[in-house]
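Here's the letter readout for the chains.
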Amino acid sequence: VVDMQSKLVKQEPEDWKHHFKLAFGQFFKGDKEIAQKSFLKVLELDPKNVWAMGYYALLEGEKGENSSAITWCKKALEIEPNATGIHFLKAEGHRRQGDFMKAIGQLCAMAQDTFLIGELKTDTVFFEVRIEEPLFFRIGLQHETVFLEPFEVMDIFTVREPMAGG
């Protein structure tokens, strides 16, 4: 993929799609520093490309640049507020900064801010927060108010550090 897309980038340097596919290939090949530069090239050619912003934010977070990652997520969410993956990235950035309440708030924003006694439900998302030691988050998918079988639960993250003030 990387070799083919590199050739296409040289042939059509103004086509953001070739740069995106190249960046994506570099990302999965493990050349993350190079991929990050390629995602910036995508954004130079297509400034509102939410997915390039998301991958750039992901790479910033992997480097420990959590403030930058959150900033890129904010930019992406201004363009596409329903980008679930970007909400998760932003929440993870807040979690890594130790701001667990902002992390919870971001996950709640993703799921349309409808609380039901520690849970958040929409037509497609079930979100539960248990404030206990350790702080626990889980998310599951449901369809037409019936949980999919088998019920798939994904642990978002478990915080082992004590909460501020507690």
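Residues numbered from 1 in each chain as written. Predicted model: local features only at pLDDT ≥ 70, side-chain atom pairs only at ≥ 80, totals over all residues. Heavy atoms only, no water.

**As for the overall build of the protein**
A count of helical and extended segments in the protein gives 7 helices and 6 strands. Partitioning the intrachain contacts of the protein with sequence separation of at least 6 by distance along the chain shows that 35% fall at a separation of at least 24. Total accessible area on the protein is roughly 9900 Å²; 54% of this is exposed by carbon and sulfur atoms. (Helix = DSSP H or I, 4+ residues; strand = E, 2+ residues; numbered from the N terminus. Contact = heavy atoms within 4.5 Å. Areas by Shrake-Rupley, 256 points an atom, 1.4 Å probe, with all protein chains shown as cover.)

**A look at the environment of Ala69**
Structurally, the position occupied by Ala69 is in helix α5 (residues 66-79). For Ala69, a relative accessible area of 5% corresponds to the buried category. Taking C-alpha positions, Ala69 is 9.1 Å from Met53, a pair spaced 16 residues apart along the chain. If near-sequence neighbours (up to four positions away) are discounted, Ala69 is found in contact with Ala57, Glu60 and Gly61. (Buried < 20%, exposed > 50% of the residue type's maximum accessible area, 1.4 Å probe, protein only.)

**Some thoughts on helix α1 (residues 2-11)**
Listed in full, the buried residues belonging to α1 are Val2, Gln5 and Val9. Projected down its long axis, α1 shows its buried positions confined to an angular sector of 65 degrees, all on one face. Turned more than 90 degrees off the buried face of α1, the exposed positions are Asp3, Lys7, Lys10 and Gln11. For α1, the secondary structure elements touched by its buried residues are α2 (16-29). (Arc of directions from axis to C-beta.)

**Remarks on the confidence of the model for the protein**
The pLDDT averaged across the protein works out to 74; a share of 66% of its residues lies at or above 70. In this model residues 130-137 is a low-confidence stretch, pLDDT under 50, and it forms 30 contacts with partners more than four residues away in sequence or in other chains. Overall, residues 139-166 carries pLDDT values under 50, and its contacts beyond four positions in sequence, including any with other chains, amount to 59 contacts. (pLDDT = per-residue confidence, 0-100.)

**Some words on the nonpolar core**
The biggest cluster of nonpolar side chains holds 20 residues, and the ones touching the most others in it are Phe39, Ala52, Trp72 and Ile86. Counting only elements with at least two residues in this core, the list comes to α2, α3 (32-45), α4 (50-62) and α5. A total of 6 residues in this core trace back to one element, the largest contributor, which is α4. Excluding its chain neighbours within four sequence positions, the residues that come into contact with Ala52 are Phe20, Phe39, Val42 and Leu43. (Core = buried A, V, L, I, M, F, W, Y, C linked by side-chain atoms within 4.5 Å.)

**Brief notes about the packing of aromatic side chains**
Overall, the coordinates contain 10 aromatic pairs when judged by the stated rule. Each ring, one from Phe20 and one from Phe24, has its centre 6.1 Å from the other, and the planes form 15 degrees; the classification is stacked. Of this pair, Phe20 and Phe24 both sit in helix α2, 4 residues apart, which is roughly one turn of that helix. Using a relative accessible area of 32% as the deciding quantity, one classes Phe24 as partly exposed. Note on Phe20 and Phe39: the rings are 5.7 Å apart at their centroids and 70 degrees apart in plane angle, and the pair reads as edge-to-face. (Phe/Tyr/Trp six-rings, centres within 6.5 Å; stacked < 30°, edge-to-face > 60°.)

**Concerning the pattern of salt bridges**
One pass over the structure, following the stated rule, counts 6 salt bridges. With a closest N to O distance of 2.8 Å, Arg95 and Glu92 form a salt bridge. One end of the pair is Arg95 and the other is Glu92, both in helix α6 (residues 84-96) and 3 residues apart, which spans about a single turn. Among the ionic pairs, Arg96 bridges to Glu92, the shortest N-O distance being 3.0 Å. One end of the pair, Arg96, and the other, Glu92, are both in helix α6, 4 residues apart, so they sit about a helical turn from each other. Taking relative accessible area as the criterion, Arg96 reaches 41% and is therefore assigned partly exposed. A network of salt bridges, in which partner residues are shared, links Glu92, Arg95 and Arg96. (Salt bridge = Lys/Arg side-chain N within 4 Å of Asp/Glu carboxyl O.)

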